[in-house]
Amino acid sequence: GFNWKVNDNVSTHLRGDFAEEAWGQATRPTAGYGTIMIDKAYTTIKSGALTLNVGQQSGAWGMASLWADQFQGVTGSIDFAPMTLHFTYSKESENGSNNDNGVADANKDDDVYAVALAYAGDAFSGQISAATLADGNGYGDAHGVSLTAFVPFSDMIKLSAELTTFFGEFSATQDYTG
């Protein structure tokens with residue numbers, strides 16, 4: 001990877017790897033052997049309590065992930081210790097066309113909107129989050145809600161727990177359940 005700190009408030013991040021035939025095919029484009037694929041390319045901007053990341057980033061959200069493991073979009077956080085508000089907008093898919101005609105069809109975009117409120121203290125930390133995949137091609141939206149907690153009992157023993165559920169439409173014929 002490559003990180004460039006322009007100044008105390010602006011930095012860029014770039015990471016790539018060589019494409020392999022079997023590794024990661026479910027979440028990466030098939031590029032063939034010896035091709036360098038860029039999986040992260042984003043800029044971080046900090047201003048006071050606000051931090052923004054703009055570009056291609058990883059989709060981790062708590063201990064789970066959003067609908068894709070990588071996305072193009074904007075993430076941000078507002079830190080008002082001990083709480084932090086996180087938000088995400090992601091372009092999940094153009095669905096094969098950049099020409100959206102205003103009608104719900106196979107060419108409409110799929111977008112992810114997410115928000116989380118996190119608490120970090122000495123005794124425990126946790127997060128409650130919600131995300132929506134706005135499905136532009138008429139199947140309906142999918143939603144996810146999670147509650148995450150971390151409790152350190154000692155330096156060697158830490159309890160992590162997460163309750164996550166997805167609901168809504170997955171496709172024209174399949175719904176999310178639990």
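Residues numbered from 1 in each chain as written. Predicted model: local features only at pLDDT ≥ 70, side-chain atom pairs only at ≥ 80, totals over all residues. Heavy atoms only, no water.

So, on to the overall build of the protein chain. When helices and strands are counted, the protein chain shows zero helices and 11 strands. The linear arrangement of helices and strands in the protein chain, starting from the amino end, is β-β-β-β-β-β-β-β-β-β-β. Taking all 178 residues of the protein chain together, the buried fraction comes to 27%. Sequence separation of at least 24 residues holds for 36% of the intrachain contacts in the protein chain that already meet a minimum separation of 6. Total accessible area computed for the protein chain in this model is approximately 10,900 Å², and 58% of it derives from carbon and sulfur atoms. (Helix = DSSP H or I, 4+ residues; strand = E, 2+ residues; numbered from the N terminus. Buried < 20%, exposed > 50% of the residue type's maximum accessible area, 1.4 Å probe, protein only. Contact = heavy atoms within 4.5 Å. Areas by Shrake-Rupley, 256 points an atom, 1.4 Å probe, with all protein chains shown as cover.)

We now examine the confidence of the model for the protein chain. Mean pLDDT over the protein chain works out to 78, with 67% of the residues at or above the 70 mark. When mean pLDDT is compared element by element in the protein chain, strand 1 (residues 2–7) scores highest at 92, while strand 11 (residues 175–176) scores lowest at 65. (pLDDT = per-residue confidence, 0-100.)

Glancing now at the packing of aromatic side chains. In the structure shown here, the tally under the stated rule is two aromatic pairs. Plain terms: the ring middles of tyrosine 89 and tyrosine 113 are 5.4 Å apart, the flat faces sit at 50° to each other, and that makes the pair tilted. With tyrosine 89 in strand 6 (residues 83–93) and tyrosine 113 in strand 7 (residues 110–120), this residue pair connects regions lying 24 residues apart in the sequence. The partly exposed category is assigned to tyrosine 89, whose relative accessible area is 30%. With relative accessibility at 42%, the residue tyrosine 113 sits in the partly exposed group. Each ring, one from tyrosine 119 and one from phenylalanine 124, has its centre 5.2 Å from the other, and the planes form 40°; the classification is tilted. Taking the relative accessible area as the measure of exposure, phenylalanine 124 reaches 43% and is therefore partly exposed. (Phe/Tyr/Trp six-rings, centres within 6.5 Å; stacked < 30°, edge-to-face > 60°.)

Moving on to unusual backbone geometry. The omega angle of the peptide bond from alanine 81 to proline 82 is 10°, so this bond is cis rather than trans. Secondary-structure assignment places proline 82 in the loop between strand 5 (64–80) and strand 6.

Turning next to the pattern of salt bridges. Throughout the structure, instances matching the rule amount to two salt bridges. Note that aspartate 8 is salt-bridged to lysine 5, the shortest N-O span being 3.6 Å. For aspartate 8, a relative accessible area of 65% puts it in the exposed group. Owing to a relative accessible area of 57%, lysine 5 belongs among the exposed residues under this scheme. Between aspartate 111 and lysine 91 there is a salt bridge; the shortest N-O distance is 2.8 Å. (Salt bridge = Lys/Arg side-chain N within 4 Å of Asp/Glu carboxyl O.)

It is worth spelling out the environment of aspartate 122 at this point. Among the structural elements, aspartate 122 can be located in the loop between strand 7 and strand 8 (125–135). A C-alpha to C-alpha distance of 8.4 Å links aspartate 122 and proline 152, two positions 30 residues apart in sequence.

Two elements, strand 6 and strand 7, share 10 bridges in a ladder whose sense is antiparallel. Note on strand 7: the bridge partner recorded for phenylalanine 87 is valine 115. Summarising the sheet, strand 7 and strand 8 pair through 11 bridges and their orientation is antiparallel. Across the sheet, valine 115 pairs through a bridge with alanine 130, a residue of strand 8. Between strand 7 and strand 8, which follow one another and run antiparallel, lie four residues. (Pairing = 2+ DSSP bridges.)

With respect to the helices, strands and loops of the structure, alanine 142 is situated in strand 9 (residues 142–152). A sequence separation of 25 residues divides alanine 142 from phenylalanine 167, and the C-alpha atoms of the two residues are 5.8 Å apart.

Before going further, it helps to spend a moment on the side chain of serine 11. Residue position: serine 11 is located in strand 2 (residues 10–18). Its relative accessible area of 15% is what places serine 11 among the buried residues. One polar contact links serine 11 to histidine 13, side chain to side chain, over a distance of 3.2 Å. Residue contacts for serine 11: discarding those within four places in its chain leaves Trp4, Lys5, Val6, Tyr42, Thr43 and Thr44. (Polar contact = N/O pair within 3.5 Å; in protein donor to acceptor, adjacent residues only side chain to side chain.)

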